Amino acid sequence: MIDNKKINKFSISIIKDLQKNNFQAYLVGGCVRDLMCGLEPKDFDIATDATPEQVRKIFKASRIIGRRFKLVHVFNRSELIEVATFRAGDDSSNNNNLIKDTSGKIIRDNIWGDLEQDTYRRDFTVNALYYCPISQKIVGHKDGMKHIHEKSIVSIGDPVKRFSEDPVRSLRAIRFSNKLNFKIDKDIKEAIYEKGHLLSDISNARLFDEFCKIFLSGMAEKNFNKLSSYGLSKYLISTDSERSEFTTNLIVESLRNTDKRLINGQSITPGFLIAALLWPGLIERSLSKGEINLRKFFRSMDYVLRNQQKITAVPRKFQSYIKDIWVLQLKLHSRIGKQPYKTLKHPRFRAAYDLLLLRERATNKKQDLGKWWTDFQKNDENIKKALINDLKEKNIQETPKIFGFSEELR
Ligand code: ATP
Ligand code: MG
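Residues numbered from 1 in each chain as written. Chains lettered and ligands numbered in written order. Predicted model: local features only at pLDDT ≥ 70, side-chain atom pairs only at ≥ 80, totals over all residues. Heavy atoms only, no water.

Re the site of ligand 1
If you check the shell around ligand 1, you find 18 residues, and the closest are Arg-33, Asn-127, Asp-166, Arg-169 and Arg-175. Measuring from an oxygen atom of ligand 1, one finds a side-chain N or O atom of Arg-172 at 3.0 Å. Interatomic distance of 2.9 Å between a side-chain N/O atom of Lys-179 and an oxygen atom of ligand 1. Starting from 580 Å² of accessible surface for ligand 1 in isolation, the protein chains cover 87%. At the level of secondary structure, the elements contributing two or more residues to the shell around ligand 1 comprise α2 (30–36), α7 (168–180) and α9 (204–215). In terms of residue count, α7 provides more of the shell around ligand 1 than any other element does, five residues in total. Of the residues assigned to the shell around ligand 1, the class counts are one nonpolar, three polar and 14 charged. (Near = heavy atom within 4 Å. Polar contact = N/O pair within 3.5 Å; in protein donor to acceptor, adjacent residues only side chain to side chain. Areas by Shrake-Rupley, 256 points an atom, 1.4 Å probe, with all protein chains shown as cover. Helix = DSSP H or I, 4+ residues; strand = E, 2+ residues; numbered from the N terminus. Nonpolar A, V, L, I, M, F, W, Y, C, P; charged D, E, K, R; others polar.)

So, the pairing of strand β3 (residues 62–65)
A regular strand carries its side chains on alternate faces of the sheet. As paired elements, β3 and strand β4 (residues 71–75) share four bridges and run antiparallel to each other. Considered in β4, the bridge of Ser-62 is made with Val-74. Once β3 ends, the chain turns through five residues before running back antiparallel as β4, passing Gly-66 with a positive phi of about 85°. (Pairing = 2+ DSSP bridges.)

Points about the packing of α7 against helix α10 (residues 220–229)
The N-to-C vectors of α7 and α10 enclose an angle of 135°; their axes lie 10 Å apart at closest approach. With respect to their mutual orientation, α7 and α10 come out oblique. Handedness of the crossing formed by α7 with α10: right-handed. Contacts from Leu-171, Ile-174, Arg-175, Ser-177 and Asn-178 in α7 reach Lys-222, Asn-223, Lys-226 and Leu-227 in α10. Residues that form the contact of α7 with α10 fall into these classes: three nonpolar, three polar and three charged. (Axes fitted to C-alpha atoms, helices over the stretch in contact; angles between N-to-C directions. Parallel < 35°, antiparallel > 145°, perpendicular 65-115°, else oblique. Left-handed = near helix turned anticlockwise from the far one by under 90°. Contact = heavy atoms within 4.5 Å.)

A closer look at the sheet that holds strand β5 (residues 80–85)
Strand order in the open sheet formed by seven strands is β3-β4-β5-β2-β1-β8-β9, with mixed pairing between adjacent strands. Two strands close off the open sheet at either side, each with one partner strand: β3 and β9 (137–140). Strand-to-strand twist of the sheet, defined as the mean angle between neighbouring strand axes without regard to direction, takes the value 35°. Bridge count for strand β8 (residues 129–132) against β9 is four bridges, and the pairing is antiparallel. Each bridged residue has a counterpart across the sheet, and for Tyr-130 the counterpart in β9 is Val-139. The sheet contacts of helix α1 (residues 9–20) involve β1 (25–28), β2 (45–48), β4, β5 and β8, and relative to β1 the element is tilted by about 150°.

A short note on a positive patch on the surface
Taken together, Arg-285, Arg-295, Lys-296 and Arg-299 make up a surface patch of like positive charges. Per element, the largest residue contribution to the positive patch is three residues, and it comes from helix α13 (residues 294–311). Locating Arg-285 in the fold gives a position in helix α12 (residues 270–286). (Patch = residues over 30% accessible without salt bridge, like charges linked within 9 Å, V, L, I, M, F, W, Y side chains within 5 Å. Salt bridge = Lys/Arg side-chain N within 4 Å of Asp/Glu carboxyl O. Lys, Arg positive; Asp, Glu negative; His and termini not counted. Charge placed at Lys NZ, Arg CZ, Asp CG, Glu CD.)

Considerations on unusual backbone geometry
Look at Gln-136: it is not a glycine, yet its phi comes out positive at around 55°. Inspection of the secondary structure puts Gln-136 in the loop between β8 and β9. Overall, the relative accessible area of 33% leaves Gln-136 in the partly exposed class. Even without being glycine, Lys-151 reaches a positive phi, approximately 55°. Of note, Lys-151 is situated in the loop between α5 (144–150) and β10 (152–153). Taking the relative accessible area as the measure of exposure, Lys-151 reaches 43% and is therefore partly exposed. (Buried < 20%, exposed > 50% of the residue type's maximum accessible area, 1.4 Å probe, protein only.)

See below:
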């Protein structure tokens, strides 16, 4: 039984309004699954037999969105609920209407259907449950409840075919198995090995969305490990397939750090994570005779970002942020005269300093630059001066050309 108190009130009111207008309406998918598993749903999605246009007419504050997958956003002051029309998936009756490409991938999916058809076009049995908060009944895939109790991710239909239609389902199976602590059905495992490579055809915008779901919802490290074990991490992170020890360490450190920040209620952004994930590739490309060459460094920033963008879009607003963090890495290595004061004042200082700490952790060797900056930022003017003078006395040479990156290279 689902406790209605755990359900978003606005979504219940939308369901009531749809039903008042003689349409069917249910909560569906992730929210029903999560409620059944005792988790707090991330969002509440609604499925209905009303077409997008009919939904749009009922709710003044609503908007039809999407092309590949048309649905309606219904909103109030602070919330937004997605209302999707029942769709007929890929059964023989409409096989010729679904628009697919040569590999079998569905490009357009806007053929309306009934609840039963809608059930079968969903990805996994545990995602194909529908809950009516008014009657408090659950309907949908006959095995959905069973598989929730068995803690198992099972494909609806042959996963090889379903993952060809939409290769992102491979990533979703892995993500859900970690999130719910469910095992992945054997057939799905095989389908991931067989069809995982089709992820290279998925649009970078869609993979960026998936990237965020996978790495920014508290399970980043676990998801990365499982993705790697299936050979899929390369479809989300563009560092070359042969990763150096430092690269792998930095990936793991930055994902672990993201998970920790979420637990501590600290802010997170894909920009920071991308800056960290791509850092090793950047410095490797910037080397010349064992040193960082600044000209190369600046040129490589765009190259490395572009490579990532080919696989997951990197929204424009993050690009200058990422570059700032990278350039600040160089500045953090330069502690002469007034430079540390300038660096400290930079609006991205904190993020850059966080990346420095991660880099140090990823080298497995004790380094003191991070500690120096920890002291420098937290202490008063006298100690700040002393910290800079101390470097002079110890005769620590720091010129913009010689950075201490040797630990980070292959
Ligand atoms: P979460 O929101 O926690 O990531 P979710 O299951 O709600 O999980 P959504 O992406 O919000 O995932 O999708 C809502 C529902 O739509 C899913 O539960 C599933 O039934 C269906 N769905 C989503 N993506 C696909 C897909 N690629 N193929 C088939 N069905 C899908
Ligand atoms: Mg959802």
